[in-house]
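The primary structure of each chain is shown beneath.
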Amino acid sequence: MNNKNEKILHRVKSNRFLFVAKAIWNTIWFSIGTTISIGLGTLLLSGILGFLCNDNKLNLPVIYLGTILIPLTIAVRILHVILLRKNQFYTISTQSITSEGGVLIRFNHTLCRNQIQSVSYTQTLIQQLLGCGNIVVSTAASSRGGIILTNIDHVQEIYKAISYNR
């Protein structure tokens, strides 16, 4: 908050159900890709080391290492998703709109009220059923020219608050 007259109207996150559903879907595909890539890489490295150093037998320590790396990598991914949910916020105030978050790399993108050119919202069928939607706030700037607030609950109420205060 830069101004004493600035009042926070809403501090919101994306819809929990949609976030969790997307995170589960992405984690399943991440797990499949990780298992295939680490598994095949482990077998290849074990075979090469077995050929060079172990009388044409698979190198078991390399296989054990690969077997440990797969669940460890998936656990780190799940931890990343949990921290991402905890740290991502959208703040709508009378003077600005801010998107902030990140885990390893933090970000904060703020649009002042006088920079806003247009505001619109969209809702897919699933978002309509869950009462959420996406809000697109555009500016005239060519680089980083806007903010998209994804899967926001009470989308029409938030949209009206942004439109009224711009």
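Structural data are supplied above this passage.
Residues numbered from 1 in each chain as written. Predicted model: local features only at pLDDT ≥ 70, side-chain atom pairs only at ≥ 80, totals over all residues. Heavy atoms only, no water.

**Q** Honestly, the environment of Gln 88 in this entry has me stumped. Any pointers?
**A** Secondary-structure assignment places Gln 88 in the loop between α2 (60-87) and β2 (89-93). With relative accessibility at 16%, the residue Gln 88 sits in the buried group. Along the backbone, Gln 88 and Val 103 are 15 residues apart, and their C-alpha atoms lie at a distance of 9.0 Å. Excluding residues within four positions of it along the chain, Gln 88 makes contact with Lys 13, Ser 99, Glu 100, Gly 101 and Phe 107. (Helix = DSSP H or I, 4+ residues; strand = E, 2+ residues; numbered from the N terminus. Buried < 20%, exposed > 50% of the residue type's maximum accessible area, 1.4 Å probe, protein only. Contact = heavy atoms within 4.5 Å.)

**Q** I tried to follow helix α4 (residues 155-164) on my own but got confused; where do I start?
**A** In an α-helix, one turn spans 3.6 residues; hence positions three or four apart end up facing the same way. Within α4 the residues assigned to the buried category are Val 155, Ile 158, Ala 161 and Ile 162. Along α4, the residues classed as buried sweep out an arc of 130 degrees about the axis, all on the same side. More than 90 degrees from the buried face of α4, the exposed residues found are Lys 160 and Tyr 164. Structurally, α4 contributes buried residues whose contacts are with β1 (8-12), β2, β3 (96-101), β5 (116-122), β6 (132-139) and β7 (146-153). (Arc of directions from axis to C-beta.)

**Q** Where do I start with the sheet that holds β7 in this structure?
**A** Note: strands within a sheet are paired through backbone hydrogen bonds, in either parallel or antiparallel orientation. Spatial strand order, β5-β6-β7: 3 strands in an open sheet with antiparallel pairing. Unpaired on one side and paired on the other, β5 and β7 mark the two borders of the sheet. Adjacent strand axes in the sheet meet at a mean angle of 15 degrees, parallel and antiparallel pairs treated alike. Where β5 lies against β6, 6 bridges are found, and the strand directions are antiparallel. Following the sheet pairing, Ser 120 is matched in β6 by Val 136. This element, α4, spans β5, β6 and β7 of the sheet and lies at about 20 degrees to β6. (Pairing = 2+ DSSP bridges. Axes fitted to C-alpha atoms, helices over the stretch in contact; angles between N-to-C directions.)

Purely geometric numbers; function is a separate question.
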